[in-house]
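# Secondary and tertiary structure notes
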Amino acid sequence: MTRRSPRKDAAVGDHLTAHVDALAALDRALAQAPPDALRQLLEVAQAALQEAMDERQLALRRYAALFDAVPDPVSILSEAGVVLDLNHAGVRAYGRSREDIIGQPIELLNPDLPSDHLDPVWEALHRGETYVIEVTNMRGDGSRFPVEVHSAGFEHQGEHCIVAVARDLSSRWQAESRYRLLMESIDKGVILFDRQLRVVSANPAAHRILGIPGNGNSLQAMLCPEDWISVDEHGHPLTREQWPAAVSLRTGRIIRSTIVGLYHRPRGRMIWISTTNVPVYGNGRDSPDHVFGLFSDITELKRNNTLFDRAQSLAHIGGWEWDRGLQRLYLTDEATRILGQEPPLQDMAQLLDCLRLNDRSLLQQALLDVIDKQAPFELELQGQRSDGHTFWVRMIGEAEAGDVNAARIAGTVQDITARKQAEETLRIQARTDPLTGIMNRDAVLNDLAARMSNPTHCRVAVLYIDLDRFKTVNDLLGHNAGDELLIDATRRIATAIGTEGLVARFGGDEFLVICDTRDQHDQPERLADAITQAFSTPFRFGSDEFAVTASIGIARAPQDGLRPQQLIQNADIAMYDCKRRTRNGWQVFSPELAQRQHDRLQIESRLHRALDDDEFHLVYQPQVDLRSGQLVAAEALIRWRNTQLGELRPDIFIGHAESTGDIVRIGLWVLREACRQVRQWQDDGLGVVRVAVNVSYRQFVGEDLARNVRQVLDEFGLPGSALELEFTERVLIEDAPDTLQTFARLREMGVLLTIDDFGEGYSALNYLRRLPIHGLKLSQLFVEGVPGNRSDVAVCEAVCGIARSLGLGLVAEGIESEQQRHFLQALGVSVGQGFLFAPGLPPDEFARRLAARAAPAVAVHNGETGRIR
């Protein structure tokens, strides 16, 4: 059916209407019975007009048929760039209906055109030239494809118009990419020489075969003629003019399979190669201006005095020849073995049938190019042997020189299956975490980057997952158990998300889940709930069970990040906040979280310099006899006063110091400052007061703690009984000889050893009985609920029972009311501390209380809430 633009339809319609009206007038005139002469004249006019109308209709049908027969998109444009008509190929290429295109500006098909894009087109057309340009057109679904547009001008009904033919360049671009990949991956050396036999380029295999590093211009330098001696296969010297490349340039012919020996004087190394040289002609030239040298290393073959009769089996290269006249395919034994077909192949059609569909088309086209253009080919093809196994081959083919009809096409086929399988294995390994089998860090970053770069798929979310208490299992049971836990955790996450997300191991015990949020905005939260539910069941290791949960941070694109790293970082911030607050849950990123993260970084950066800037000071909280209220000891508590941040409590900065490692230096300073203060009180006549100092686990494992304590005590002339060291329960799991030895050395000095906040952490009683400690500190976490909370009462009773059974002293901390004091005293707790008696006191104030230690300690009201370390 003829298709025209609305404007053309109107014009053609006007002409047809006029013709039809004229015919109707002639019919009426004939019906009135005019004279014979006039009748004859009217009949002639009627026939001529009908013939003209038929010819016009035929011309219009020819135009439509020709217009739609063009295989490339053809559009007719008005002088202003409005699309007046479009052929069938254009409708297919652009993926739009004609109604959506006709009457629209050309920018609909190419939104990247500048506003003045028609100016150079009309300039060229006014000069009588054709305007050619490469641009990127857009289909109806938004996808792009490259085209080469040829524009020409013509007049239609007195108007200047443009006919534009667009040639799709996608195949050419793909071919160029395949060529580059081929040159990089091929194991045959390829060198491009100019007419002066200077090296223009060389592939990696050429560098490898010749033993030349692949940097800069080193290949040209090392191919200096003065450094090489060239000989033919019989050892006769070759002049520069006898080189196969020089002969190919001089004669303009392909010089095939020439054996050449190359001796490199500086290194004293002999290389034998088999080289084929192909001349390259520039446009419009009758002599070649470049030559390709393709060569393989046959040094080992030559060394063993075997040439091409054994090269096929040794190099897994077989020969083939296709006689087009006889329609017969000849294969060497090695080629038959490589292709693995039973019965052996007899014609080219059988060879094509054993290839996969896409490669079948590639080989068919390559053979046609040899026949039509005398163009040699080199392809990597995949197929299937008769036994069902897949093979990969590199197939090379060309027509004999002078065979203008390409009656015989011959070449080689090389088995590259092992290399292809190795490449695929490496590709998979490069994207896979070796322990869990899921995507690794690099793979998920690439996947996320691809999603976020696509405007139609940029609405994604990242779930950053960190396992709670994973380090506990790893430390207690060893790395094998930790690996088992990670594998089981991977399975639980993958089962929880199903097909609604993509899971990857991001490092250590951290995982990422990527999900799409276009259709379901709450998808990340639902997946987070499913994941936390999946971790509700404890992990079993033999007879032991460990409750390992997941803390999850959620960040969405594009609002929470436009780049993968930014999105992941914000999800990490949300995860860290969840882990810090509650664990075993999820948290959505917000700008407020980012600000808190910024504040933490500010603290950490200033904390590192705080000790050098003398910003720390100690306060001392009295420990009193619960029965008499007499002051018996003190706990040294650190405070930080920063000029920018103000006075900061330990619960704000100690965690940062632990994570950054600054706690080791800070802890040593606290130890020394506390002992110095005890010495000062003693010099002031207040006696020797025992001071408790908190010791970080990192101090314990990273320093010779006993040696440091000995040096500090000796420096200030104090007995060991003046010092009490408080450790967290984490040291209980360190059942190493060094741990026991350190505790024994400290106890020998007379230093009191106490487990702080007993019951909050590991509570490993099996380890507790082995350590030579003196006492336990009952955590404020349990004290604050007594006597009203039954659970806290039960815990306090249990801890007191443990202390009595093991003969350990017991100190209760965080006492804030008389009711708590009386309850603990009734349980048998003899010593306590807390705001009921005093907060942390400056050294001078504590000294005044020491001077009046005969009187009970004064309670403090309306002060800070809770114990501050």
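Residues numbered from 1 in each chain as written. Predicted model: local features only at pLDDT ≥ 70, side-chain atom pairs only at ≥ 80, totals over all residues. Heavy atoms only, no water.

## Considering the overall build of the protein
As a reminder of what qualifies: The way it works is that DSSP assigns letters per residue, a run of H or I at least four long becomes a helix, a run of E at least two long becomes a strand, and they are numbered from the N terminus. Exposure classes here rest on a 1.4 Å probe applied to the protein chains alone. A residue is buried below 20% of its type maximum, exposed above 50%, and partly exposed in between. In what follows, residue pairs with any heavy atoms lying within 4.5 Å of each other are defined as contacts. Per-residue accessibility takes into account occlusion by the displayed protein chains alone, with areas from the Shrake-Rupley method and a 1.4 Å probe.
The secondary structure content of the protein amounts to 31 helices and 32 strands. Counting across all 869 residues of the protein, residues that qualify as buried make up 45%. A separation threshold of at least 6 residues defines the contact pool for the protein, and within that pool the share at least 24 residues apart is 58%. About 43,900 Å² of surface is accessible on the protein, with carbon and sulfur atoms providing 52% of the total.

## Here we look at the sheet that holds strand 9 (residues 255–264)
Convention followed: Each pair of strands is called paired provided DSSP finds at least two bridges between the two strands. To obtain an axis, a line is fitted to C-alpha atoms, over the contacting stretch when the element is a helix, and the angle between two such axes runs from 0 to 180 degrees between their N-to-C directions.
The strand order across the open sheet built from six strands is 7-6-11-10-9-8, with neighbouring strands paired in antiparallel fashion. Only two strands of the sheet have a single partner each, and these edge strands are strand 7 (199–202) and strand 8 (228–232). Each strand axis lies, on average, 30 degrees off the axis of its neighbour in the sheet, ignoring direction. Pairing geometry for strand 10 (residues 269–280) and strand 11 (residues 290–297), over eight bridges, is antiparallel. Looking across to strand 11, one finds that Thr-276 is bridged to Leu-294.

## Some words on the nonpolar core
Where we set the bar: Nine residue types can take part in a nonpolar core, namely buried Ala, Val, Leu, Ile, Met, Phe, Trp, Tyr and Cys, and a core is a set of them joined through side-chain atoms within 4.5 Å.
If you look at the biggest cluster of nonpolar residues, it comprises 78 residues, and the most contacted ones within it are Val-709, Leu-725, Phe-727 and Leu-776. For this core, the element with the most residues is helix 23 (residues 663–683), which contributes nine residues. Ignoring any residue separated from it by four or fewer positions in sequence, one finds Leu-725 in contact with Leu-671, Val-693, Val-695, Val-709, Leu-746, Val-751, Leu-752, Leu-753 and Thr-754. Counting 28 residues, the second largest nonpolar core, distinct from the first, contains Leu-463, Phe-470, Val-503 and Ile-531.

## What to know about the confidence of the model for the protein
Formally: pLDDT is defined as a per-residue confidence score from the predictor, taking values between 0 and 100.
Of all residues in the protein, 86% attain a pLDDT of 70 or more, and the chain-wide mean is 82. Here helix 11 (residues 308–314) stands out as the least confident element of the protein, with mean pLDDT 48; strand 32 (residues 831–832) is the most confident, with 96. Scored below 50 in pLDDT, residues 1–13 shows 27 contacts in the model against residues more than four places distant or in partner chains. Note on residues 305–311: pLDDT under 50 across the span, and eight contacts to partners over four residues away in sequence or across chains.

## Looking at the sheet that holds strand 14 (residues 377–384)
If you walk across this open sheet you meet the five strands as 13-12-16-15-14, and the pairing is antiparallel. Only two strands of the sheet have a single partner each, and these edge strands are strand 13 (328–331) and strand 14. Between one strand and the next, the sheet's axes are offset by a mean angle of 25 degrees, whatever the strand orientation. Across four bridges, the pairing between strand 12 (residues 317–323) and strand 13 is antiparallel. Its bridge partner being in strand 13, Trp-320 is matched across the sheet by Leu-331. Its contacts with the sheet put helix 14 (residues 357–373) on strand 12, strand 14, strand 15 (390–399) and strand 16 (408–415), and the angle it makes with strand 14 is roughly 150 degrees. Against the sheet, helix 15 (residues 417–431) touches strand 14, strand 15 and strand 16, its axis set at about 125 degrees to strand 15.

## Brief notes about the pattern of salt bridges
Threshold: We count a salt bridge whenever a side-chain nitrogen from Lys or Arg sits within 4 Å of a carboxyl oxygen from Asp or Glu.
Tallying each qualifying case throughout the model produces 44 salt bridges. In this structure, Glu-129 and Arg-127 form a salt bridge, with 3.2 Å as the shortest nitrogen-oxygen distance. By relative accessible area, which is 40% here, Glu-129 ends up partly exposed. On the basis of relative accessible area, Arg-127 is assigned to the exposed category, the value being 52%.

## Here's the deal with the packing of helix 23 against helix 25 (residues 705–716)
In a packed pair of helices, the relevant descriptors are the angle between the two axes and the axis-to-axis distance. The condition is simple: What sets the label is the angle itself: under 35 degrees gives roughly parallel, over 145 gives roughly antiparallel, 65 to 115 gives roughly perpendicular, and the rest give oblique. With the far helix as reference, a near helix turned anticlockwise by less than a right angle produces a left-handed crossing, and one turned clockwise produces a right-handed crossing. The residue classification treats Ala, Val, Leu, Ile, Met, Phe, Trp, Tyr, Cys and Pro as nonpolar and Asp, Glu, Lys and Arg as charged. All others, Gly included, are polar.
Close contact between helix 23 and helix 25 brings their axes to 9 Å; oriented N to C, the two are set at 25 degrees. Relative to helix 25, helix 23 is oriented roughly parallel. Judged by the sense of rotation from one axis to the other, the crossing of helix 23 with helix 25 is right-handed. For the pair helix 23 and helix 25, contact is made by Leu-668, Leu-671, Arg-672, Cys-675, Arg-676 and Arg-679 and by Asn-708, Val-709, Val-712, Leu-713, Glu-715 and Phe-716, respectively. Looking at the contact of helix 23 with helix 25 residue by residue, the classes come out as seven nonpolar, one polar and four charged.

## Notes on the side chain of Arg-492
Of note, Arg-492 is situated in helix 18 (residues 479–497). Residues contacting Arg-492, with those up to four places away along its chain left out, are Ala-534, Phe-535, Thr-537, Pro-538 and Phe-539.

## Focus: helix 17 (residues 470–477)
Phe-470, Thr-472, Val-473 and Asn-474 are the residues of helix 17 that are buried. Looking at the buried side of helix 17, the elements it contacts are strand 17 (460–467), helix 18, strand 20 (539–541) and strand 21 (544–546). Note on helix 17: the residue one or two positions beyond its end, Gly-478, has a positive phi of about 100 degrees.

## Brief notes about the state of the cysteines
Keep this limit in mind: When two cysteine sulfur atoms lie within 2.5 Å, the pair is treated as a disulfide.
Enumeration over the complete set of coordinates arrives at zero disulfides. Cys-796 takes part in no disulfide bond, and the closest cysteine sulfur, belonging to Cys-800, lies 6.5 Å away.

## Topic: the pairing of strand 12
In terms of residue burial, strand 12 counts as a mostly covered element, since five of its seven residues are buried. Note: strand 12 against strand 16, seven bridges, orientation antiparallel. Within the sheet, the bridge partner assigned to Trp-322 lies in strand 16 and is Ile-409. Counting the residues in the hairpin turn of strand 12 and strand 13 gives four residues, including Gln-327, whose phi is positive at 50 degrees.

## Quick look at unusual backbone geometry
Between Glu-342 and Pro-343 the backbone carries a cis peptide bond, its omega angle lying at -5 degrees. Relative to the helices and strands, Pro-343 resides in the loop between helix 12 (333–339) and helix 13 (348–353). Here Ala-557 and Pro-558 are connected by a cis peptide whose omega angle stands at 5 degrees. Examined against the element boundaries, Pro-558 turns out to sit in the loop between strand 22 (550–556) and helix 20 (564–581). In this structure, Ser-257 is a non-glycine residue whose phi angle is positive, near 40 degrees. Tracing the sequence through the fold places Ser-257 in strand 9. Judged by relative accessible area, which is 47%, Ser-257 ranks as partly exposed. Even without a glycine there, the phi angle at Gln-374 is positive, about 55 degrees. Here Gln-374 shows up in the loop between helix 14 and strand 14.

## With respect to a nonpolar patch on the surface
Our working definition: Here the term patch refers to residues with relative accessible area over 30% and no salt bridge, with like charges joined within 9 Å and nonpolar side chains (Val, Leu, Ile, Met, Phe, Trp, Tyr) within 5 Å.
Taken together, the side chains of Ile-229, Tyr-263 and Met-270 make up a nonpolar region of the molecular surface, amounting to roughly 210 Å² of accessible area. With respect to the secondary-structure elements, Ile-229 resides in strand 8.

## Some details on helix 29 (residues 790–806)
To be explicit about the condition: Multiplying 1.5 Å by the residue count of a helix minus one yields the expected span of that helix. In protein, a polar contact requires one atom able to donate a hydrogen and another able to accept it; more generally it is a pair of N or O atoms within 3.5 Å, and residues adjacent in sequence count only if both atoms are side-chain atoms.
Given a rise of 1.5 Å per residue, 17 residues ought to cover 24 Å, and the 24 Å separating the end C-alpha atoms of helix 29 matches this to within 8%. Buried residues of helix 29: Asp-792, Val-793, Cys-796, Val-799, Cys-800, Gly-801, Ile-802 and Ala-803, and no others. N-capping of helix 29 is provided by Asn-789, with a side-chain oxygen placed 2.9 Å from the backbone N of Ser-791. Following helix 29 by one or two positions, Gly-807 has its phi on the positive side, about 70 degrees.

## A closer look at the packing of aromatic side chains
For clarity, the cut-off: Pairing of aromatic side chains requires ring centres within 6.5 Å, counting the rings of Phe and Tyr and the six-membered ring of Trp. Pairs whose planes differ by under 30 degrees are stacked, by over 60 edge-to-face, and all others tilted.
Per the stated rule, a full pass over the model turns up 13 aromatic pairs. A ring pair is formed by Tyr-620 and Phe-846, whose centres lie 6.1 Å apart and whose planes are at 45 degrees; its orientation type is tilted. Of the two residues, Tyr-620 is situated in strand 24 (residues 616–625) and Phe-846 in helix 31 (residues 843–851); the sequence distance between them amounts to 226 residues. With respect to class, Tyr-620 is no different from Phe-846; both count as buried. Both rings, one in Phe-727 and one in Phe-743, keep their centres 5.0 Å apart while their planes meet at 45 degrees; by these two values the pair is tilted. One end of the pair, Phe-727, is in strand 28 (residues 723–727); the other, Phe-743, is in helix 26 (residues 737–748), with 16 residues separating them in the sequence.

## Concerning the packing of helix 17 against helix 18
Two numbers describe how helix 17 lies on helix 18: the axes approach to 6 Å, and their chain directions differ by 145 degrees. Contact residues: helix 17 offers Phe-470, Val-473, Asn-474 and Leu-477, while helix 18 offers His-479, Ala-481, Gly-482, Leu-485 and Leu-486. For the contact of helix 17 with helix 18, the class distribution of residues is six nonpolar, three polar and no charged.

## Looking at the side chain of Arg-556
Mapping Arg-556 onto the fold places it in strand 22. Arg-556 sits in the buried class, given a relative accessible area of 6%. One polar contact links the side chain of Arg-556 to the main-chain carbonyl oxygen of His-521, over a distance of 2.6 Å. Setting aside anything within four residues of it in sequence, one finds Arg-556 in contact with Val-460, Ala-461, His-521, Asp-522, Pro-524, Glu-525, Gly-561, Leu-567 and Val-588.

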